Amino acid sequence: MNIHNEIIKELKNKGAKGNLTAETQFSTIGLDSLDLMDMITVLEDRLSIFVPDDKLLEIKTIKDLENVITELTK
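In this text the structure is predicted, and so the values were computed from the model without any measurement.

**Digging into the overall build of the protein chain**
Counting secondary structure elements, the protein chain contains four helices and zero strands. Helices and strands appear in the protein chain in the N-to-C order α-α-α-α. Here the protein chain has a C-alpha radius of gyration of 11 Å; the compact-globule value for 74 residues is 11 Å, and the two agree. On the principal axes, the C-alpha backbone points of the protein chain span a range of 30 × 25 × 20 Å. The proportion of buried residues among the 74 residues of the protein chain is 38%. Put simply, of all contacts in the protein chain between residues at least 6 apart along the chain, 54% involve residues at least 24 apart. Counting every atom, the protein chain has about 4,500 Å² of accessible surface; 50% of that belongs to carbon and sulfur.

**Describing the side chain of Thr-24**
Looking at the secondary structure, you find Thr-24 in the loop between helix 1 (3–13) and helix 2 (33–47). Dropping the residues within four chain positions of it, Thr-24 is found in contact with Asn-19, Ile-29, Lys-60, Thr-61 and Ile-62.

**Describing the nonpolar core**
Counting residues in hydrophobic clusters, the biggest one holds 20 residues, and the most contacted among them are Ile-7, Leu-11, Phe-26, Met-39, Ile-59, Leu-65 and Ile-69. Going through the elements one at a time, helix 1, helix 2 and helix 4 (62–72) are the ones with two or more residues in this core. When residues of this core are assigned to their parent elements, the largest contribution, five residues, is made by helix 2. Leaving out residues up to four positions away in the same chain, Leu-65 has contacts with Ile-7, Phe-26, Met-39, Ile-40, Leu-43 and Ile-59.

**Side note on unusual backbone geometry**
One non-glycine residue with positive phi stands out, namely Ser-48, at about 55°. By the secondary structure assignment, Ser-48 is in the loop between helix 2 and helix 3 (53–56). By relative accessible area, Ser-48 is classed as exposed at 67%.

**A word on the pattern of salt bridges**
Applying the stated criterion across every chain, the model contains five salt bridges. With a shortest N-O distance of 2.8 Å, Glu-6 and Arg-46 are connected by a salt bridge. Highlighted residues: Glu-6 in helix 1 and Arg-46 in helix 2, separated in sequence by 40 residues. Take Glu-6: its relative accessible area is 14%, and that puts it in the buried class.

What counts as what
- All residue numbers refer to position in the chain's written sequence, counted from 1.
- Per-residue local features are limited, in this predicted model, to residues with pLDDT of at least 70; the limit for side-chain atom pairs, both in listing and counting, is 80 or more; totals at the level of whole chains, interfaces and linings are taken over all residues.
- Derived side-chain values reflect all non-hydrogen atoms in the structure, with water molecules and hydrogen atoms excluded from consideration.
- Comment: elements are numbered from the N terminus, with helices defined as DSSP H or I runs of at least four residues and strands as E runs of at least two.
- Taken over C-alpha atoms, the radius of gyration is set against a globule rule of 2.2 Å times the number of residues to the power 0.38.
- Classification of residues uses two cut-offs on accessible area relative to the type maximum, computed with a 1.4 Å probe and protein chains only: under 20% is buried, over 50% is exposed, and between them is partly exposed.
- Residue contacts follow a heavy-atom distance rule, with two residues in contact if any of their heavy atoms lie within 4.5 Å.
- To be clear on the numbers: accessible area is Shrake-Rupley with a 1.4 Å probe, and residue cover counts the displayed protein chains and nothing else.
- Grouping buried Ala, Val, Leu, Ile, Met, Phe, Trp, Tyr and Cys residues that are joined through side-chain atoms within 4.5 Å yields what is termed a nonpolar core.
- By convention in these notes, a salt bridge is any Lys or Arg side-chain nitrogen within 4 Å of a carboxyl oxygen on Asp or Glu.

Okay, here's the thing in structure tokens:
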């Protein structure tokens, strides 16, 4: 499973448009903290992981979220 593609798919489900790259910041595509948390919850369910609260504070870009998920799926 490609984590990047899963994140992009979920972002598009949330209404994100445009070119979404690893460096894209969630705040620049109109996702507020509630939208981001909702998306993370969906990804947690889909990938059978749990993102701890301290890791949530690190997530600002798509790459940040990819890195956190990669850590948790090792």
